[in-house]
Amino acid sequence: MATDKTNLQLVVNGILNENPIFRLVLSMCPAVGISTTVMNGFMLGIAVLFVQVFSSCTISLFKNVIHPRIRIPTYTLTIATWVTVIDMVLAAYLPEAYAKMGIFIKLIVAFAIITMRLEMFACKESVTASFWDGIGMGLGFMAGMMSLGLVRELLGMGTILGYDVLGFKPLLFFVLPFAGFFCVGLMMAFFNYIELAYKRAKRA
Amino acid sequence: MNIPTFIHRAVLTAVFVLLAPVLCQAEGLISGKRFGTAANELIVAFASAVDKTFAEDVTHYRVYEEQDPDIRLELAAVRYNAEAKSATLTFKQPLNTRLAHIVTVSNPTQSGAAETFRLAKPYLGYLLSIMISALLINNFVFTKYLGLCVFFGTSKRKDTAKGMGITFTIVMVVSALMSWFFYQFILKPYHLNFLQIVIFIGLVSLTVQAVDTVLRKVNPALFNAFGVYLVLVIANCVIIAVPLILADNEYNFLESLMLSLGAGGGFLLALYMMSSVRERMELANIPPTFKGVPIAFIVAGQFALAFLGFSGLSLF
């Protein structure tokens, strides 16, 4: 079975239609926990992109030799291997960013989004399609994290990527750790509102 | 024996075991000793009244941590309270109250003689504080923001929440203890620390598979109730976060047990509270844009705010 989508469609699908954070509501822990700045979102996004692309390709390569009954443990161990790789690379080359994200890099192994994509997509499709699907999902996750980080950083500290944009701090509330819950909730409600308004406009 | 009575008895036994030990008091010169309310205070109570100038002389006390006998802790001042017959020792540095301290006090009636005693917080209290900390102060859902996928997924009904919470706690305790064993006796001695993630997640999947098989044979009724949640446990970050935290902090067996119990209990607590609110929210008039997941996030945020109140809580 092969997908009838082009590579570009696969990528766009991951970013918009099936955005891991806002559409599938998966991998919420980092979205709430460390989305305080755009940079955090970007760094974790890179890590997830790496793990997603490489695990998708690995599983897609070996899909014919994996016995269906042990597929879930196989996925988990594949992901764990790639997470170990990115964990060691980041710890060696970007120690400050690594320290900021703390335990979340290691926790990529338990992110539902990666296992789900392996189960739904990579174990059926060709390596190329899996690669582009992985890129799309990784970018979608990164986009979700960065947009959350953008809102929280801008509203909380008046900065973007550390540069002062507004010159004042509108609502310090947004950088406080627990505000992640409110922020995600409000952004989801905002997207729902747009969707409802769009449907209403279409009907009228 | 049905399950509620069993849980009831188990809880009662646990409480009894944890609270039973009573501190034995030393007889003789010293009638009591404890850490003060401030971090750099230590209080020594004398059995009989002592001369004030003698009791307030700093040179009559020697204090060091049990593991570092060479490093004498420096005293800033001693205040003697004649009514309570107790001396408050104030140190220049805050004390690490988790460690045992050795205190030597010169005997006022016999010059040259001294009495030495050991002062440590009760170990069970320390263990309990680890559990309370994981349960409330550092609740994994509301203050560490872990396990949210499963948290939002299974908190729609109270029954589901209870089932998920209990299954999760069982798997959590078993897999955390197994990970502790592997980390301390295999990974550390052979310098295989980089395999942490692979080993821990493998152990979790193994535990889930084992609990699944055992439960299916031993107690089919329980399996029917909780079996569905077993698969979801693997997709929960808390289950892999706890072994990693155990490995980072070098906890021993009992401390690991307490932390995993606290983590599981905290997850159960969070799920139960959230499901109670969500059951009521179904009847409430919520704006269409907020229906479903968005309002659940807002409620979780309010819980997180409330849990902030537990920070700084210290019972022992």
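Keep in mind it's a predicted model, so treat the numbers as computed, not measured.

## A few points about the overall build of chain B
Okay, step 1: Along the backbone of chain B there are 10 helices and seven strands.
Okay, step 2: Taking 20 Å as the expected radius of gyration for a compact globule of 316 residues, we find that chain B reaches 25 Å, considerably beyond that expectation.
Okay, step 3: Expressed along its principal axes, the backbone C-alpha trace of chain B runs to roughly 75 × 55 × 40 Å.
Okay, step 4: Counting every position in chain B, which comprises 316 residues, the buried fraction comes to 33%.

## Brief notes about the overall build of chain A
Okay, step 1: A count of helical and extended segments in chain A gives eight helices and two strands.
Okay, step 2: Ordered by position from the N terminus, the helices and strands of chain A form the series α-α-α-α-α-α-α-β-β-α.
Okay, step 3: Here the C-alpha radius of gyration of chain A, 18 Å, is about what a compact globule of 204 residues would show, namely 17 Å.
Okay, step 4: Burial statistics for chain A: of 204 residues in total, 49% are counted as buried.

## A short note on the environment of Lys156(B)
All names here are of chain B.
Okay, step 1: Along the polypeptide, Lys 156 turns up in the loop between α4 (148-153) and α5 (158-187).
Okay, step 2: For Lys 156, a count of 17 C-beta atoms within 10 Å gives the class partly exposed.
Okay, step 3: C-alpha separation for the pair Lys 156 and Gln 302, spaced 146 residues apart in sequence, amounts to 17 Å.

## Examining the packing of α5(B) against helix α7 (residues 220-234) of chain B
Helix-helix packing is described using two parameters, namely the angle between the two axes and the distance between the axes.
Residues and elements named next belong to chain B.
Okay, step 1: Two numbers describe how α5 lies on α7: the axes approach to 9 Å, and their chain directions differ by 60°. With respect to their mutual orientation, α5 and α7 come out oblique. Handedness of the α5/α7 crossing: right-handed. Along its contact with α5, which presents Gly 163, Met 164, Ile 166, Thr 167, Phe 168 and Val 171, the element α7 presents Ala 225, Phe 226, Tyr 229, Leu 230, Leu 232 and Val 233.
Okay, step 2: For the contact of α5 with α7, the residue count by class is 10 nonpolar, two polar and no charged.

## Observations regarding the interface of chain B and chain A
Okay, step 1: Chain B puts 32 residues into the contact, and the matching count from chain A is 34 residues.
Okay, step 2: Of all the secondary structure elements, the ones that give two or more residues to the side of chain B that touches chain A are α4, α6 (196-218), α8 (237-249) and α10 (293-308) of chain B.
Okay, step 3: Residue classes in the side of chain B that touches chain A are distributed as 26 nonpolar, six polar and no charged.

## Some details on the confidence of the model for chain B
Residue and element names in this part refer to chain B.
Okay, step 1: Of all residues in chain B, 94% have pLDDT values of 70 or greater, and the mean over the chain is 82.
Okay, step 2: When mean pLDDT is compared element by element in chain B, helix α9 (residues 253-281) scores highest at 93, while helix α1 (residues 3-19) scores lowest at 74.
Okay, step 3: Contacts of residues 22-27 to residues separated by more than four positions or lying in other chains number four contacts, the stretch itself having pLDDT below 50.
Okay, step 4: Overall fold confidence for the complex sits at a pTM of 0.77, while the interface term, ipTM, reaches 0.85.

## A few points about the domain arrangement of chain B
Okay, step 1: Split into domains, chain B comes out as domain 1 (30-121) and domain 2 (124-308).
Okay, step 2: Inter-centroid distance (C-alpha atoms) of domain 1 of chain B to domain 2 of chain B is 43 Å.

## Digging into unusual backbone geometry
Okay, step 1: Within the chain, Tyr145(B) stands out as a residue other than glycine whose phi angle is a positive 60°.
Okay, step 2: Mapped onto the secondary structure, Tyr145(B) falls in the loop between α3 (123-137) and α4.

## Considerations on the sheet that holds strand β4 (residues 75-81) of chain B
Residue and element names in this part refer to chain B.
Okay, step 1: Overall, antiparallel pairing links the four strands, which are arranged β1-β2-β5-β4 in an open sheet. Every interior strand has two partners, whereas the edge strands, β1 (30-35) and β4, have only one. Strand-to-strand twist across the sheet, computed as the mean angle between neighbouring axes with direction ignored, equals 15°.

## Here we look at the environment of Ile46(A)
Okay, step 1: Mapped onto the secondary structure, Ile46(A) falls in helix α3 (residues 38-61).
Okay, step 2: Each C-alpha atom, one on Ile46(A) and one on Trp82(A), is 13 Å from the other, the two residues being 36 residues apart in sequence.

## Things to note about the nonpolar core
Okay, step 1: Formed by 125 residues in total, the largest nonpolar core has its most connected members in Val109(A), Val184(A), Ile240(B) and Val242(B).
Okay, step 2: Counting residues per element, this core draws most heavily on α5(B), which supplies 10 residues.
Okay, step 3: Aside from chain neighbours lying at most four places away, what touches Ile240(B) is Leu107(A), Val109(A), Ala110(A), Phe200(B), Ile201(B) and Val204(B).
Okay, step 4: Listed in part, the 10 residues of the second largest apolar core include Leu29(B), Val44(B), Ala55(B) and Tyr80(B).

## Some thoughts on the sheet that holds strand β6 (residues 101-106) of chain B
Residue and element names in this part refer to chain B.
Okay, step 1: Strand order across the open sheet formed by three strands is β3-β6-β7, with antiparallel pairing between neighbours. On the outer flanks of this sheet lie β3 (61-65) and β7 (114-119), each paired with one strand and no other. This sheet shows a mean twist of 15° between the axes of neighbouring strands, independent of strand direction.
Okay, step 2: Inspection of the sheet shows β6 paired to β7 by six bridges, in the antiparallel sense. In the strand pairing of β7, His 101 is matched with Leu 119.

## Looking at the packing of α6(B) against α7(B)
Residues and elements named next belong to chain B.
Okay, step 1: For the pair α6 and α7, interaxial distance at closest approach is 9 Å and the crossing angle is 165°. Of the possible angle classes, the one that applies to α6 and α7 is roughly antiparallel. Crossing geometry of α6 relative to α7 is assigned as left-handed. Touching Val 204, Ser 205, Val 208, Val 211, Asp 212, Leu 215 and Arg 216 of α6 are Pro 220, Leu 222, Phe 223, Gly 227, Leu 230, Val 233 and Ile 234, all from α7.
Okay, step 2: When the residues that make up the contact of α6 with α7 are grouped by side-chain class, the tally is 10 nonpolar, two polar and two charged.

What counts and how
Residues numbered from 1 in each chain as written. Chains lettered and ligands numbered in written order. Predicted model: local features only at pLDDT ≥ 70, side-chain atom pairs only at ≥ 80, totals over all residues. Helix = DSSP H or I, 4+ residues; strand = E, 2+ residues; numbered from the N terminus. Rg over C-alpha atoms; globule rule 2.2 N^0.38 Å. Buried ≥ 20, exposed ≤ 12 C-beta atoms within 10 Å, placed from the backbone. Axes fitted to C-alpha atoms, helices over the stretch in contact; angles between N-to-C directions. Parallel < 35°, antiparallel > 145°, perpendicular 65-115°, else oblique. Left-handed = near helix turned anticlockwise from the far one by under 90°. Contact = placed C-beta atoms within 7 Å. Nonpolar A, V, L, I, M, F, W, Y, C, P; charged D, E, K, R; others polar. pLDDT = per-residue confidence, 0-100. Domains from an automatic or database assignment. Pairing = 2+ DSSP bridges. Core = buried A, V, L, I, M, F, W, Y, C linked by C-beta atoms within 7 Å.

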